[in-house]
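Topology and contacts: notes
What follows is each chain in one-letter form.
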2 protein chains.
Amino acid sequence: MLTAIKGGITAPKGFKAAGVKAGIKKSGKEDLTVIYSPAPCSAAALFTTNSFAAAGVQVSREVAAKGTAQAIVVNSGCANSCTGEQGMEDARGMAHLTASLLGLADDQVFVASTGIIGVNLPMAKVADGIKRAVAGLSADGHEKALQGIMTTDTFPKVSAYEFTLGGVTARVAGIAKGAGMIHPNMATLLSFVTTDAAVSPALLKQALKEAVNVSMNSITVDGDMSTNDTICVLANGQAGNKPIEAAGDPAYGELVAALTAVCTDLAKLIVRDGEGATKFLEITVKGAVSYDEAKAAAMSVARSPLVKTAFFGQDPNWGRILCAVGYSGATVEPAKSKLTLGGIIVAENGMNAAVSDAKALQKVMAEKDIVVEIELGTGDASATVWTCDFSYEYVKINADYST
Amino acid sequence: MLTAIKGGITAPKGFKAAGVKAGIKKSGKEDLTVIYSPAPCSAAALFTTNSFAAAGVQVSREVAAKGTAQAIVVNSGCANSCTGEQGMEDARGMAHLTASLLGLADDQVFVASTGIIGVNLPMAKVADGIKRAVAGLSADGHEKALQGIMTTDTFPKVSAYEFTLGGVTARVAGIAKGAGMIHPNMATLLSFVTTDAAVSPALLKQALKEAVNVSMNSITVDGDMSTNDTICVLANGQAGNKPIEAAGDPAYGELVAALTAVCTDLAKLIVRDGEGATKFLEITVKGAVSYDEAKAAAMSVARSPLVKTAFFGQDPNWGRILCAVGYSGATVEPAKSKLTLGGIIVAENGMNAAVSDAKALQKVMAEKDIVVEIELGTGDASATVWTCDFSYEYVKINADYST
């Protein structure tokens, strides 16, 4: 059983956090965050597959390979991406300073950055910020820590649950940022998760993959995969459960369910904050040959600019939806296909379903949240993804965002 | 040598065409076109790979399989797609009526439709239109024929050349329509090509594939692949060249070059007419491992909403361009990469190139036509694609287009 709790990223036992104003962001808001567990942790992470991976991603990949870590240092306002050798030096500098202040080895600190691409970090400001953040670490620092990772986000994204793990009470919490350049293939922009579960590094990584596949890897805002996408999880074992060391352990399933709940909450919040979004679309594809085909069809619909602009226009343009399914590569039998919008059948057997209650359909299209269901008629598998619409505001935000 | 000529789709010897107002389009403009060669033709065609292929596509696939045809019947204003059995009956009806009026077998007539998805054809109007179009066929009908295939196009797309083919003078001409739902995988919406070259059906198909791969399959407007994409070519042999029956025949290369010239002209015109477009972007990727990787990288950039909105905003946001290259799957060595906009190096070795002449770069970004060149640093292959920007107007057109 999962119970939503307060307390953000420091809700799990034994975690501290802080967020400070280092002066990296022009806005002058919090822009540097440190998350820390005094107790050693199993650690796992997933990263962007973009070839131009940011410096922080390259440094954090080395940390993830070790399977243990105790701290995460993050800045917003500058992505430290496409910054060459200097960028690598700066990312290593962030890890080194944080590690030395906390008495850790450098490879026990994840590094992440988000913001503008191609600009070097103002390292004097970053260093000063890290010193103040480490000095200010506390179990109450979760709100400032969350502020410190935000960029174009219009609201903070946080989720935390208490759950039963092998008979004891455990907690899991996550924070995330991201509103544009969202089409993750490993994780979505930046997301940090803490848990007091005791679990081996290998199984923590496996659990993270399972959770991310159906959550952050099932959303799209604009189809662009960032150079900085990162999700890190630290598990410090303070809940006191018998350490999870086999996937067959029922506690492993409990951990996956809790991690999935947190990641799904964060993924949906990211879509709700999609740049310029006026609609939140849940797209479920059923009757597919496999989960992968169902997801491919759902993502094809979720990514289509023609579908997204139609929803912005509150237009039940089912032809565009079937068209996007049709080029997704998923096996579909048009004569057995079906499409519903808010529960109303708008296309059936590959044809117009001649909706009798046009007013009810108008009402569905006018809602902020709309559920789209598509039956492919070729199997039993299904998948759900989330996306938003495509508005004037999206174009405005992205045409005006200065390089 | 290729010489641009006038005369449109009927410029090649022995072709007739007509376009009439059948009353399918609400606008009352020309909406039904017939193209005809009294002499037998080799025929080839390429179609959408969308699973929800329109009825006309399904009928035309059977025609293409035969390798010979003498006529094309096209309507605009209704796509006859997602229309089930009735749609198939209507498409066959179009072919049958055209064939019987021209004294041909049904399988010698290509059928194509474009317009709104999911609505049945008004067959009484279509039949009346076909009768009038066939009665009005002439070598001067090319302009009305071109009007008859247009939908949201803001200008007609036509290209014609005279060229030397095996020592004689031959001609090739093409017309096309399309401004949205453009991300072809076989051909772009509707395109019809005529030539008086003598060529076997098999080599005509091979030549068409070669031409389309570097032209219509190298453009994207919005990333949506239509249910109706079709390109047909008829070759009636009236030029009197020795029939081309082997790819080793130098005349085969002459034909491919001429077809490629026509298809490239049409493809670029389609991009220039991209819905809401304010920019025409030519994106060349060089130094790639293979043509396919170069094209994948170029298409990834061309398709990125973040890149397209940046060009709309006249913002030289090179980070977004490298980011789109980075997730394309193409092999790239960031430290050897280079990006130029209008000949100005904006990123080099995976980093900001610190442009000294900011005014010159502003001038490049303010132009309507912009050339983007990206060096991957991993090989010798290159590819060029064309796209447009993403404007408020794109959103407006597609949010308002009524189902």
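Everything quoted here is computed from the prediction, not taken from an experiment. (Residues numbered from 1 in each chain as written. Chains lettered and ligands numbered in written order. Predicted model: local features only at pLDDT ≥ 70, side-chain atom pairs only at ≥ 80, totals over all residues. Heavy atoms only, no water.)

Structural notes on the UniProt feature "binding site: substrate" (unreviewed entry) in chain A
This is how the line gets drawn: UniProt positions are given in the numbering used here, feature names are shortened, and annotations may be inferred rather than shown by experiment. Only DSSP runs of H or I reaching four residues or more are called helices, and only runs of E reaching two or more are called strands; each is numbered from the N terminus. Summary of the burial criterion: residues with accessible area below 20% of their type's maximum are buried, those above 50% are exposed, and those between are partly exposed, where the area comes from a 1.4 Å probe applied to protein chains only. In this analysis, two residues are considered to be in contact whenever any of their non-hydrogen atoms come within 4.5 Å of each other.
UniProt's feature table lists "binding site: substrate" (unreviewed entry) at Thr 151, Lys 177, Thr 188, Glu 275, Asn 398 and Thr 403 of chain A, given in the numbering used throughout. One can find Thr 151 of chain A in the loop between helix 4 (142–147) and strand 6 (157–165). The exposure class assigned to Thr 151 of chain A is partly exposed, which follows from its relative accessible area of 30%. With a relative accessible area of 2%, Asn 398 of chain A lands in the buried category. Here Asn 398 of chain A is in contact with Glu 275 of chain A together with Leu 306, Thr 309, Ala 310 and Arg 320 of chain B, once residues within four sequence places are set aside.

Some details on the sheet that holds strand 16 (residues 381–388) of chain A
Residue and element names in this part refer to chain A. Where we set the bar: Here, strands pair whenever DSSP counts at least two bridges between them. What counts as an axis is a line fitted to C-alpha atoms, over the stretch in contact for a helix, and the angles between N-to-C directions run from 0 to 180 degrees.
On the basis of which strands lie adjacent, the open sheet formed by 7 strands has the order 9-16-11-15-12-13-14 and mixed pairing. Strands at the two margins of the open sheet, each flanked by one partner only, are strand 9 (219–220) and strand 14 (351–352). Sheet topology note: the strand 11 (residues 280–288)/strand 15 (residues 369–375) ladder contains 7 bridges and is parallel. Its bridge partner being in strand 15, Glu 282 is matched across the sheet by Val 371. Packed on one face of the sheet, helix 7 (residues 291–303) meets strand 9, strand 11, strand 15 and strand 16 and runs near 20 degrees to strand 16.

Let's talk about the sheet that holds strand 15 (residues 369–375) of chain B
Residue and element names in this part refer to chain B. In spatial order, the strands read 9-16-11-15-12-13-14; together these 7 strands make up an open sheet with mixed pairing. Two strands bound the open sheet, and with one partner strand each, they are strand 9 (219–220) and strand 14 (351–352). Note that strand 13 (residues 344–348) and strand 14 share 2 bridges and pair antiparallel. Considered in strand 14, the bridge of Ala 347 is made with Asn 352. In the packing of helix 6 (residues 250–272) onto the sheet, the strands contacted are strand 9, strand 11 (280–288), strand 15 and strand 16 (381–388), and the crossing angle to strand 16 comes to about 40 degrees.

Side note on the relation of the copies chain A and chain B
For clarity, the threshold we go by: To line up the copies, we fit them by least squares on C-alpha atoms, keeping just the residues with pLDDT of at least 70 in both.
When chain A is fitted onto chain B, the two copies agree to an RMSD of 0.0 Å after a turn of 180 degrees and an axial shift of 0.0 Å. The superposition operator between the copies reduces to a two-fold rotation axis. Looking at the rotation axis and the C-alpha trace of chain A, the residue lying nearest is Tyr 392 of chain A, at 2.7 Å. Most of the interface of chain A is mirrored in chain B, where 100% of its interface residues are also at the interface.

Details of the confidence of the model for chain A
Quick note on the threshold: Note: pLDDT gives the predictor's confidence per residue, expressed from 0 to 100.
Averaged over all residues, the pLDDT of chain A equals 92, while 95% of them reach at least 70. Here residues 184–188 of chain A is modelled with pLDDT under 50, and outside its nearest four sequence neighbours on either side it reaches 27 contacts, counting other chains as well.

As for the pattern of salt bridges
For clarity, the cut-off: Each reported salt bridge corresponds to a side-chain nitrogen of Lys or Arg within 4 Å of a carboxyl oxygen of Asp or Glu.
Using the criterion set out here, one finds 20 salt bridges over all chains in the structure. Two residues, Asp 128 of chain A and Arg 132 of chain A, come together in a salt bridge whose shortest N-O distance is 3.1 Å. Highlighted residues: Asp 128 of chain A and Arg 132 of chain A, both in helix 3 (residues 123–135), separated by 4 residues, approximately one helical turn. We classify Asp 128 of chain A as partly exposed; its relative accessible area is 37%. According to the relative accessible area criterion, Arg 132 of chain A is partly exposed, its value standing at 36%. With a shortest N-O distance of 3.9 Å, Glu 333 of chain B and Lys 336 of chain B are connected by a salt bridge. Members of the salt-bridge network, linked through shared partners, are Asp 153, Lys 157 and Asp 273 of chain A.

Some details on the pairing of strand 2 (residues 16–20) of chain A
Residues and elements named next belong to chain A. Most of strand 2 sits out of view: 4 of its 5 residues are buried. Note that strand 2 and strand 3 (residues 32–47) share 5 bridges and pair antiparallel. Following the sheet pairing, Ala 18 is matched in strand 3 by Val 34.

Things to note about the interface of chain A and chain B
Facing 53 residues of chain A, the contacting portion of chain B comprises 53 residues. Viewed at the interface, chain B and chain A are joined by 0 salt bridges. Looking at the side of chain A that touches chain B, the elements with two or more residues in it are helix 8 (305–312), helix 9 (318–326), strand 14 and helix 11 (392–400) of chain A. The leading source of residues in the side of chain A that touches chain B is helix 9 of chain A, at 7 residues.

Points about the domain arrangement of chain A
Residues and elements named next belong to chain A. Selection criterion: An automatic or database domain assignment is the source of the domain bounds shown. By definition, the buried area sums, over both parts, the 1.4 Å-probe accessible area that each loses when the two are put together.
Taken domain by domain, chain A comprises domain 1 (2–271) and domain 2 (280–400). Just the C-alpha atoms count here: the centres of domain 1 and domain 2 sit 32 Å apart. With 14 residues of domain 1 at the contact, the number on the domain 2 side is 14 residues. Between domain 1 and domain 2 lies a buried interface of about 1,300 Å² when both sides are counted; carbon and sulfur atoms form 61% of it. Between the two partners, domain 1 and domain 2, sit 0 salt bridges.

Let's talk about the packing of aromatic side chains
Counted only if it meets this: Note on aromatic pairs: the rings of Phe, Tyr and Trp (six-membered ring only in Trp) are paired at centre separations within 6.5 Å, and the planes decide the class, stacked below 30 degrees, edge-to-face beyond 60, tilted for the rest. The rule is short: NZ of Lys or CZ of Arg within 6 Å of the ring centre and within 35 degrees of the ring normal puts a charge over the ring.
Under the defined criterion, the tally for this structure stands at 3 aromatic pairs over all chains. Seen in terms of ring centroids, Phe 390 of chain A and Phe 390 of chain B are 5.4 Å apart; in terms of plane orientation they differ by 55 degrees. Their pairing is tilted. With Phe 390 of chain A in the loop between strand 16 and helix 11 and Phe 390 of chain B in the loop between strand 16 and helix 11 (392–400), the pair connects residues from two separate chains. Under the relative-accessibility criterion, Phe 390 of chain A is labelled buried at 3%. Sitting over the ring of Phe 155 of chain A, Lys 157 of chain A keeps its end group 4.8 Å from the ring centre. Directly above the ring of Phe 390 of chain A sits Lys 308 of chain A, whose terminal nitrogen or CZ lies 5.8 Å from the centroid.

Quick notes on the packing of helix 1 (residues 55–66) of chain B against helix 2 (residues 84–102) of chain B
Residue and element names in this part refer to chain B. Just so we agree on the cut-off: Should an angle fall under 35 degrees it is called roughly parallel, over 145 degrees roughly antiparallel, and 65 to 115 degrees roughly perpendicular, with every other angle called oblique. Should the near helix be turned counterclockwise from the far one by less than a right angle, the crossing is left-handed, whereas a clockwise turn marks it as right-handed. When residues are sorted by character, Ala, Val, Leu, Ile, Met, Phe, Trp, Tyr, Cys and Pro go into the nonpolar class, Asp, Glu, Lys and Arg into the charged class, and all the rest, Gly among them, into the polar class.
One way to put it is that helix 1 packs onto helix 2 with a least axis distance of 8 Å and a crossing angle of 50 degrees. As summarised for this structure, helix 1 and helix 2 are arranged oblique, according to the angle between their axes. As for how helix 1 packs across helix 2, the hand of that crossing is right-handed. Residues Ala 55, Gly 56, Gln 58, Val 59 and Glu 62 of helix 1 touch helix 2, and the partners they reach there are Gly 87, Met 88, Ala 91 and Arg 92. Residue composition of the contact of helix 1 with helix 2, grouped by class: 4 nonpolar, 3 polar and 2 charged.

Here's the deal with unusual backbone geometry
Residue and element names in this part refer to chain A. Although it is not a glycine, Cys 82 adopts a positive phi angle of roughly 60 degrees. Mapped onto the fold, Cys 82 is located in the loop between strand 4 (68–76) and helix 2 (84–102). Judged by relative accessible area, Cys 82 falls into the buried class, the value being 7%.

What about the environment of Ser 200 of chain A?
Residues and elements named next belong to chain A. Spelled out, the test is: Think of a polar contact as two N or O atoms within 3.5 Å of one another; within protein, one of them needs to be a possible hydrogen donor and the other a possible acceptor, and neighboring residues in sequence only count if both atoms come from side chains.
With respect to the helices and strands, Ser 200 occurs in the loop between strand 8 (190–195) and helix 5 (201–213). Sequence separation between Ser 200 and Ile 244 is 44 residues, and the spatial gap between their C-alpha atoms is 6.2 Å. Those residues within four positions of Ser 200 in sequence are excluded, and the remaining contacts are Ser 42, Ile 244 and Glu 245. Reaching out from Ser 200, the side chain makes a polar contact with the backbone nitrogen of Leu 203 at a distance of 3.2 Å.

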